[in-house]
Structure formats: C-alpha cells, structure tokens
Amino acid sequence: MNAVPQSTIAAQPAPSARVAEFLKRPRRLLIGGEWVEAQSSKRIPVMDPATGKEIASVPDASAEDVNRAVAAARAAFEKGPWADMLPAQREALLWKLSDLIDQHADELAELESLNNGKTKFMASIIDVPSTRDYFRYMAGWATKIEGSTFQTSIHGPPGMKFHTYFTREPVGVVAQIIPWNFPLAMAAWKLGPALATGCTVVLKPAEQTPLTALRLGELIIEAGFPPGVVNIVTGHGETTGAALVAHPDVNKIAFTGSTEVGKIINKAATDTVKRVTLELGGKSPVIVFPDVDLDSVVGGAANAIFFNSGQVCAAGSRLFAHKSVFDKVVEGVSNAASTIRLGPGLDPQTQMGPLVSREQQERVLGYIQSGRKEGAAIVTGGEAPPHEGYYVKPTVMVNVKPDMKVVREEIFGPVLVAQRFEDIDEIAAMANDTPYGLAASVWSNDVRTVNRIVPKLRAGTVWVNCHGFVDPAMPFGGFKQSGFGREHGRVVLDQYTEIKSVCMAV
Ligand code: ADP
Ligand code: MG
C-alpha cells in the first residue's frame with residue numbers, strides 16, 4: 001500500500017451527470033404507487049459525509065403521512081392485484097427488480113457512496129451486487145412456501161374423521177426501519193422476504209441515508225409492483241419511525257439499528273402485540289489462537305474492523321490474541337491501519353471513506369477520548385485528520401480492561417480494542433463477557449481448538465478463519481441483546497408468515 005499521510009485527503013470529485021440530475025429532482029414520499037408531497041413542509045437535509053455539504057433534502061414525514069402510507073399498504077394487502085397474485089408472478093417481479101438494479105448498478109453505487117461516505121468501489125463490488133442477489137435469492141422462495149398435513153387423534157363423535165393441515169399466510173402490513181451503514185442492502189434484506197411472502201410494506205430509511213432507498217422506490221414502480229405494495233416514508237426515528245411502530249394497523253416491525261432503539265421499539269410494539277424482529281448492535285470478538293498463519297490473520301482482523309469504516313453491526317471490534325502472537329498481530333493490524341488511505345468515496349484512490357455523519361464522528365472520537373482517559377494506549381490513529389468531512393483515522397488501542405467503555409460498548413467506527421489471553425479454556429468466557437451476541441470469529445488451523453470453542457460462543461454467527469461474510473442463504477441475527485429473529489435463508493419465511501391450522505370434519 002502507498003504510504004500517503006492520512007491527513008492528505010483529496011477533494012470529492014464531481015458526481016456524474018446522471019446522479020447530479022437525480023439530486024436536483026425534488027424528493028417526495030412513495031405512497032400508493034405515487035410520489036406525493038408530505039403533509040408537512042419540513043425537510044431533512046442530506047449530506048455528503050466527505051464534504052459536510054448538503055446534496056439533497058427529503059420530506060420529514062409526519063404521523064399523518066405515516067397513516068396514509070399504512071392505509072395504502074393495507075389496501076394493497078387486502079384487495080387488488082397483489083392480494084390475488086400468483087407466487088410465480090411475485091417471483092417474476094422480484095427478478096425484474098433485480099435486473100433493474102443490475103442495469104443501474106453504477107448509478108446506485110455512486111449514489112450510495114455520495115450519501116453514506118463509503119467508497120464507490122466497495123459499493124459497486126459489495127452493496128449493489130449483494131442487493132441484486134438478495135432479491136434473486138428471495139424471488140425463489142416465493143414459489144416454495146409450504147405448510148403440511150398431519151394426522152390427529154381427536155376423539156370426535158362416532159364416525160367423524162378429520163382432515164387437518166396448516167398453511168402459511170403473509171403476516172400483513174410490515175413496517176421496516178433500517179439503518180444508515182448499508183442503506184441499499186438493508187432495504188433489500190427487509191423488502192426481499194416481505195415481497196416473496198406476499199406482505200406489503202412501509203419502509204423507513206435512516207434519516208442520514210435515504211437516497212438509494214428512494215431510487216430503489218423508482219425501480220420498484222418501474223418493475224411493475226402494484227401501487228401500495230411498497231411505500232417509502234422518509235423522516236426521523238423519534239417521530240416518523242415512532243409513528244410507524246405505534247400504528248395499530250401495522251402487523252409486524254422489522255428493525256435493524258441500535259440496541260437502544262430496539263428496546264424502545266420492542267416496548268412500543270407490545271401495545272398492539274405486533275410481531276417484532278430486531279437486528280441490533282454487536283461487539284464481536286476476533287479470537288486468534290497461537291497456531292495461526294500471521295499474515296492471513298492480520299489482513300483478516302484489519303478487515304474485520306475497518307471494512308465500511310467500522311460501521312458494521314458484526315464488526316470484529318474486540319481482538320483477543322494469544323499472548324504468544326499478541327505483539328505481532330497488533331503490530332500487523334496497526335501497520336495496516338496506518339497505511340489505509342482515507343478520502344472521499346468517489347475518488348478511486350480512496351481506501352476508506354469518512355463516517356456517515358458529524359454526530360457519528362463525534363461519537364467515535366468521544367469513545368477514543370474515553371479510552372484514553374481510562375488508561376488505554378493508542379497504537380495508531382486516535383484522531384480525526386484536519387480536513388473537512390467526517391473522517392476518523394483507523395485506530396488500534398491496547399492496555400484495555402474488560403470494564404472500560406471502549407471494551408463494553410458498541411463504537412460503530414474504525415476503532416479496535418486488543419486484549420491478550422493466556423488460557424485457551426478461558427477465552428470463550430472472555431469473548432462472551434458482553435451484553436451482545438451477534439457474531440464472532442475464530443482463527444486457528446487446529447480443528448480440535450475450533451471445534452472446542454465454536455459451541456461455547458454465544459453468538460448468532462461464528463466465522464472460522466474469516467470474518468464478516470454474509471450470504472442470503474445463511475441465517476443472520478443475534479443472541480442476547482443483539483436482537484431476536486433471523487434474517488436470510490429459509491428461516492426468514494417464518495418471520496413474515498402466520499401459520500393457520502385448518503381442522504375439517506369429514
Ligand atoms: P443510530 O443511533 O446509529 O442513528 P438508530 O438505531 O438510532 O441508530 O437508527 C436506526 C433506525 O431507527 C433509523 O431509521 C432511525 O430513524 C430509526 N429510529 C431511531 N429512533 C427510533 C424510534 N424511537 N422509533 C422508531 N425508529 C427509530
Ligand atoms: Mg439514531
């Protein structure tokens with residue numbers, strides 16, 4: 001890698017004519033198949049995190065706007081083309097949408113980069129193709145939703161027999177509230193299973209990153225989804241999001257975001273007994289055993305925390321390395337960190353973009369400060385480069401103790417805390433010493449070590465000799481305070497369907 005000083009940050013290149021044109025057009029709400037003005041004239045500015053400048057604005061939807069969106073979703077669910085559609089037709093629509101994503105891949109990657117701060121390069125090799133593939137994978141499930149028949153032992157009147165079976169029906173109107181770290185992919189993770197199962201949706205993107213979801217809304221109309229099947233409302237969490245969660249005609253909430261907000265949503269959803277699935281925060285351990293190949297561990301551990309500027313729920317934010325390799329691993333990861341080239345997302349030279357917002361930058365710097373105060377040592381990084389934009393240098397901290405805030409709390413930024421361990425039998429307990437349980441990775445070539453530790457880790461995903469890979473077929477979700485319910489795979493269908501038992505006297 002090129003050792004360009006991290007304070008030398010390039011200027012954000014101008015967007016393409018196509019994206020510039022998209023940014024100029026007024027943004028509205030998608031309700032009932034139309035782009036409509038919000039009831040209130042309040043707007044939310046949308047920033048380019050690389051410059052801190054406003055690039056667009058979106059409506060701040062009110063409770064009344066939410067009512068309209070839910071009513072449109074309800075109407076589409078109850079009657080009309082969507083309610084009568086054959087599973088194979090839903091499959092075809094999802095495929096059409098995935099093809100449109102493919103046709104507009106470059107534009108979507110650029111828009112994602114501009115709004116979120118991640119590099120266009122990463123958006124075009126990860127976010128956009130994984131969004132396309134997610135819809136394709138979920139399209140296949142539309143035609144494979146099954147119940148079953150079973151035999152009963154009911155003692156009915158003499159001579160009466162029973163035909164019994166259960167079916168799966170779509171859960172109904174789903175409110176989907178998503179975060180800002182993978183705006184387009186998170187929309188796909190939510191919309192894919194809802195549309196495959198025949199639900200209708202009100203989607204609320206994060207207030208920081210609404211643009212690709214709104215562009216996706218245009219593609220959803222172009223693909224031919226009937227009006228009201230997907231509605232998109234932009235707005236703040238505490239108002240627009242809360243109105244969705246409280247709405248009595250919403251059957252299910254699917255939320256990805258912070259544990260703090262997940263708890264609020266879960267409480268609020270209780271009043272009307274909504275179905276809830278929560279994919280929340282994490283503080284995932286990366287556990288390095290003494291027998292490893294150091295080069296691959298160093299690259300893997302650096303990637304586990306620095307990918308997407310550390311703004312990943314499953315980021316490997318706690319490194320535990322055996323004492324015999326600790327110094328080498330920390331040195332390697334710190335060297336990697338100090339040579340990552342920071343810059344704006346549209347510059348092809350950039351390896352790591354800014355954080356999503358000023359608020360997030362301040363939060364992350366606050367955590368670094370708290371680590372310093374509590375006695376942690378900074379091996380590399382630890383500050384923002386003196387430049388516009390919401391940058392934070394990739395940071396590695398050592399001399400940390402289990403009770404420090406930087407070890408206990410999710411930072412959601414490019415900050416790694418490294419701890420050494422001695423006793424292999426103790427490491428599972430150290431790794432599990434967290435309220436979270438989203439993911440973990442284990443690095444060892446010794447199959448006995450791997451098989452001994454994997455069952456002990458209280459985490460929804462355990463990677464072995466890799467970290468962070470996700471796939472639509474692989475269930476994803478959390479133990480403990482990382483949430484409940486699973487996304488992806490066959491199991492996600494359970495979260496979007498109700499089971500109906502039918503007992504027929506023959
Ligand atoms: P962050 O703190 O990083 O912004 P959040 O968990 O607050 O993460 O945000 C994730 C999503 O949850 C966003 O779409 C946000 O608008 C939404 N949200 C935040 N607070 C609430 C709330 N009280 N009710 C419903 N949605 C909310
Ligand atoms: Mg928030």
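Everything here concerns the structure above.
This section reports on the structure supplied with the text. (Residues numbered from 1 in each chain as written. Chains lettered and ligands numbered in written order. Predicted model: local features only at pLDDT ≥ 70, side-chain atom pairs only at ≥ 80, totals over all residues. Heavy atoms only, no water.)

### Overview of the pattern of salt bridges
Worth spelling out the cut-off: A pairing counts as a salt bridge when a side-chain nitrogen of Lys or Arg comes within 4 Å of a carboxyl oxygen of Asp or Glu. Here a helix means four or more residues in a row that DSSP labels H or I, a strand means two or more in a row labelled E, and each is numbered from the N terminus. Between buried and exposed lies partly exposed: a residue is buried under 20% and exposed over 50% of the maximum accessible area for its type, with that area taken using a 1.4 Å probe on protein chains only.
Counting across every chain of the model gives 27 salt bridges. In this structure, Arg-68 and Asp-65 form a salt bridge, with 2.7 Å as the shortest nitrogen-oxygen distance. Taken together, the positions of Arg-68 and Asp-65, both in helix H2 (residues 63–78) and three residues apart, correspond to about one turn of that helix. Asp-65 sits in the buried class, given a relative accessible area of 0%. Here Arg-168 makes a salt bridge to Asp-494, at a shortest N to O gap of 3.0 Å. Residue Arg-168 is found in strand S6 (residues 162–170), and its partner Asp-494 is found in helix H17 (residues 492–495); the two are separated by 326 residues along the sequence. Classification of Arg-168 by relative accessible area gives partly exposed; the value is 26%. Where salt bridges share partners, they join Glu-21, Arg-25, Arg-27, Glu-107, Arg-215 and Glu-218 into one cluster.

### Notes on a nonpolar patch on the surface
Formally: Like-charged residues are merged into a patch within 9 Å and nonpolar side chains (Val, Leu, Ile, Met, Phe, Trp, Tyr) within 5 Å, provided each residue has over 30% relative accessible area and no salt bridge. All accessible areas in this document rest on Shrake-Rupley with a 1.4 Å probe, and a residue is counted as covered only by the protein chains that are shown.
A contiguous nonpolar surface patch, about 280 Å² in accessible area, is contributed by Phe-121, Ile-125 and Ile-126. Along the chain, Phe-121 turns up in helix H6 (residues 120–141). Overall, Phe-121 belongs to the exposed group, its relative accessible area being 55%.

### Focus on the site of ligand 1
Selection criterion: Any residue with a non-hydrogen atom lying within 4 Å of a molecule or strand is treated as near it. Polar contact criterion, stated in full: a pair of N or O atoms within 3.5 Å, where within protein one must be able to donate a hydrogen and the other to accept it, and residues adjacent in sequence count only if both atoms are side-chain atoms. Any residue that is not Ala, Val, Leu, Ile, Met, Phe, Trp, Tyr, Cys, Pro, Asp, Glu, Lys or Arg is counted as polar, Gly included; the first ten are nonpolar and the last four charged.
As a matter of local geometry, ligand 1 sits amid 16 residues, with Ile-178, Lys-204, Glu-207, Phe-255 and Ser-258 nearest to it. Here an oxygen atom of ligand 1 sits 2.8 Å away from a polar atom, N or O, in the main chain of Ile-178. Within the side chain of Lys-204, one N or O atom sits 2.8 Å away from an oxygen atom of ligand 1. Protein burial of ligand 1: of its 560 Å² of free accessible surface, 85% is covered by the chains. The greatest single-element share of the shell around ligand 1, amounting to three residues, is contributed by helix H9 (residues 237–246). Looking at the shell around ligand 1 residue by residue, the class counts come to nine nonpolar, five polar and two charged.

### Focus on the nonpolar core
Proteins that are soluble and globular tend to have nonpolar side chains buried together. Cut-off, in case you're wondering: Take the buried residues of types Ala, Val, Leu, Ile, Met, Phe, Trp, Tyr and Cys, join any two whose side-chain atoms come within 4.5 Å, and each joined set is a nonpolar core. Segmentation into domains, and thus their bounds, comes from an automatic or database assignment. Here, residues are in contact when the closest pair of their heavy atoms is within 4.5 Å.
Ranked by internal contacts, the top residues of the largest apolar core, which has 104 residues, are Phe-225 and Val-288. A per-element tally of this core places helix H7 (residues 183–197) first, with ten residues. Of the domains in this structure, domain 1 (17–280 + 484–503) and domain 2 (285–472) are the two that each give at least three residues to this core. If near-sequence neighbours (up to four positions away) are discounted, Phe-225 is found in contact with Trp-82, Leu-93, Leu-94, Leu-97, Leu-195 and Ile-220. In this structure, Leu-29, Val-36, Val-202 and Ile-253 belong to the second largest nonpolar core, which totals 26 residues.

### Here we look at the pairing of strand S10 (residues 252–256)
Filter applied, for reference: At least two bridges found by DSSP between two strands are what make those strands a pair.
Along S10, five of the five residues are buried, which leaves the element largely enclosed by surrounding structure. What you see with S10 is no split at all: Lys-252, Ala-254 and Thr-256 on one side and Ile-253 and Phe-255 on the other are buried throughout. Note that strand S7 (residues 173–177) and S10 share four bridges and pair parallel. Each residue of the ladder has a partner; that of Val-174, found in S10, is Lys-252.

### Notes on the packing of helix H5 (residues 105–116) against H6
Stated precisely, the cut-off is as follows: Interaxial angles span 0 to 180 degrees and are taken between N-to-C directions of axes, which are lines fitted to C-alpha atoms, for helices over the stretch in contact. Under this scheme an angle from 65 to 115 degrees is roughly perpendicular, one under 35 degrees roughly parallel, and one over 145 degrees roughly antiparallel; angles in between are oblique. Here a crossing is called left-handed whenever its near helix is offset anticlockwise from the far helix by less than a right angle, and right-handed whenever the offset is clockwise.
Between H5 and H6, whose axes approach to 8 Å, the crossing angle comes to 120°. Classified by the angle between their axes, H5 and H6 sit oblique to one another. By crossing handedness, the relation of H5 to H6 is classed as right-handed. Together, Ala-105, Asp-106, Leu-108, Ala-109, Glu-110, Glu-112 and Ser-113 of H5 and Lys-120, Ala-123, Ser-124, Asp-127 and Val-128 of H6 make up the contact between the two elements. Of the residues belonging to the contact of H5 with H6, the class tally is five nonpolar, two polar and five charged.

### So, unusual backbone geometry
The backbone of Asn-465 shows a phi angle near 55°, a positive value even though the residue is not glycine. Take Asn-465: it is sitting in the loop between strand S18 (461–464) and strand S19 (483–484). One non-glycine residue, His-488, lies in the positive phi region at around 75°. Mapped onto the fold, His-488 is located in the loop between S19 and H17. Note on His-488: relative accessible area 1%, which makes it buried.

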